[in-house]
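# Descriptive analysis of the structure
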Amino acid sequence: MIRYILILFTVFLLSIASSFAQENDEWSTAKNGEGFNSFLLRNYISPINDLEKFKDLNQGRFTKNGDLIAGKKYKLPLLYSTHLASLLGEDHQNVKQVDNSLSGAVLYLVAGHGGPDPGAVGSISGHKITEDEYAYDIVLRMGEELLSHGAKVHFIIQDPNDGIRDAAYLKPDKDERCYPSQTIPRKHTPRLKQRAAAINLLARNESKSAYQRLIILHLDSRSKGNSTDVYFYHHAVSSKGKDLALTLQQKMKDKYDEFQPNRGYEGTVGTRRLYMLQTTTPPSVFIELGNINNYNDQMRFIKAENRQALAMWLCEGIQENYLKLKMK
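Rules used in this analysis
Residues numbered from 1 in each chain as written. Predicted model: local features only at pLDDT ≥ 70, side-chain atom pairs only at ≥ 80, totals over all residues. Heavy atoms only, no water. Axes fitted to C-alpha atoms, helices over the stretch in contact; angles between N-to-C directions. Helix = DSSP H or I, 4+ residues; strand = E, 2+ residues; numbered from the N terminus. Parallel < 35°, antiparallel > 145°, perpendicular 65-115°, else oblique. Left-handed = near helix turned anticlockwise from the far one by under 90°. Contact = heavy atoms within 4.5 Å. Nonpolar A, V, L, I, M, F, W, Y, C, P; charged D, E, K, R; others polar. Pairing = 2+ DSSP bridges. Buried < 20%, exposed > 50% of the residue type's maximum accessible area, 1.4 Å probe, protein only. Polar contact = N/O pair within 3.5 Å; in protein donor to acceptor, adjacent residues only side chain to side chain. pLDDT = per-residue confidence, 0-100. Salt bridge = Lys/Arg side-chain N within 4 Å of Asp/Glu carboxyl O.

What follows covers the packing of helix 7 (residues 239-259) against helix 10 (residues 304-327). Running from N to C, helix 7 and helix 10 cross one another at 130°; their axes reach a closest spacing of 9 Å. With respect to helix 10, the axis of helix 7 lies oblique. Helix 7 and helix 10 meet at a crossing whose hand is right-handed. Contact residues: helix 7 offers D243, L244, T247, L248, K251, M252, K255, Y256 and F259, while helix 10 offers L310, W313, L314, E316, G317, I318, E320, N321 and K324. A per-class count over the contact of helix 7 with helix 10 returns nine nonpolar, three polar and six charged.

The following block contains the structure:
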């Protein structure tokens, strides 16, 4: 009798493990005329490193000549691709799966400026600090958190060699690219058009019923004496963008009440006619993280633990927003 119960219990555990594995499998449908290279690159997978692994996972699913079949779904080698993992940096490539609370959610993350445009520039203790580097580091940290909860993450601005950095002073460079590997234009309007087009292209490949959200991170530039809390913008006619912005704002308030109960929080939610909010298809939130010239605000992103906290709090806000919608 005991042996019978143990067998049943083992079968039960195996069925749970199988179900969990299926939920974590990533699949993608091949398009007409698409070869291995273009298919894998579209899914953030390196043809050089992962082609054979991809073929092994999908044995029996190709044509007699070994080609992709248009309209057929193929299993991807990893929950998140080798390329995505490499963007996070050497010490963060193995993202620990915490849970599946964001399974089915698709997040597009954009760090403001980049390439030839550093964005706002400040200084502290003789060090030059630039908006694009700190926004990018926080974006990567957000992405890692979101991936750990089962979300699908698209990093629209990418740096091939930065990764998540714990230094206080992040060295400025100009080698950032826009998805999939485009040189970022010097002029402002072409730069915005480029990243909006990349986001909209990716969004068209997702299910229309999927939870898709775009997060755009910036740092503001004001006078040194002007300290600002994290604040949020959304498109005036986007109810989903507004709902996410309000959720993120409340999360920030709750966290400051928890960790700095006497500080208070005055971050606002508003609307602005910004190009990225107006021309991208996923509901979006534009976030200003603080004033790059104010000492107190600088501490919000100079310290690595503060950048991590911002990323975690924003991720928690996204989780709450997603789960609330799933419960409806």
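Here we have six strands laid out as an open sheet, ordered 6-3-10-13-11-12, and mixed in their pairing. Among the strands making up the open sheet, the edge pair consists of strand 6 (152-155) and strand 12 (269-271). In this sheet, neighbouring strand axes are inclined to one another by 25° on average, regardless of whether the strands run parallel or antiparallel. In the sheet, strand 3 (residues 105-111) pairs with strand 6 via four bridges, with the strands oriented parallel. Its bridge partner being in strand 6, Y108 is matched across the sheet by H154. Running at roughly 150° to strand 10 (residues 211-220), helix 10 makes contact with strand 3, strand 10, strand 11 (231-234) and strand 13 (284-291) of the sheet.

Between helix 5 (residues 131-148) and helix 10, whose axes approach to 8 Å, the crossing angle comes to 50°. Overall, the two elements helix 5 and helix 10 adopt an arrangement that is oblique. For the pair helix 5 and helix 10, the sense of crossing is right-handed. Seen from helix 5, the contacting residues are Y134, D137, I138, R141, M142, E145 and L146; seen from helix 10, they are A304, R307, Q308, L310, A311, M312, L314, C315 and I318. A per-class count over the contact of helix 5 with helix 10 returns eleven nonpolar, one polar and four charged.

All right, on to helix 9 (residues 295-302) then. Along helix 9, six of the eight residues are buried, which leaves the element largely enclosed by surrounding structure. When helix 9 is considered as a whole, its buried residues turn out to be D297, Q298, M299, R300, F301 and I302. With a side-chain oxygen positioned 3.0 Å from the backbone nitrogen of N296, the residue opening helix 9 is N294.

Moving on, we get to the confidence of the model for the chain. With 89% of its residues at a pLDDT of 70 or more, the chain shows a mean pLDDT of 89. Counting interchain partners and residues more than four positions distant, the pLDDT-below-50 stretch residues 2-24 has six contacts.

On to the pattern of salt bridges. Under the definition given, this model contains 17 salt bridges. Here R165 and E133 are joined by a salt bridge, their closest N and O atoms 2.7 Å apart. Of this pair, R165 sits in the loop between strand 7 (157-158) and strand 8 (177-178) while E133 sits in helix 5, and the two are 32 residues apart along the sequence. Of the residues examined, E133 reaches a relative accessible area of 0% and is grouped as buried. In this structure, K255 and E316 form a salt bridge, with 3.1 Å as the shortest nitrogen-oxygen distance.

Our focus in this paragraph is the environment of S238. Mapped onto the fold, S238 is located in the loop between strand 11 and helix 7. Take S238: its relative accessible area is 17%, and that puts it in the buried class. As for S238 and S284, which are separated by 46 residues in sequence, their C-alpha atoms are 8.2 Å apart.

Note on placement: D162 falls in the loop between strand 7 and strand 8. At 3.3 Å, the side chain of D162 forms a polar contact with the side chain of R165. Not counting the four nearest positions on each side in its chain, D162 is found in contact with E133, Y136, D173 and E176.

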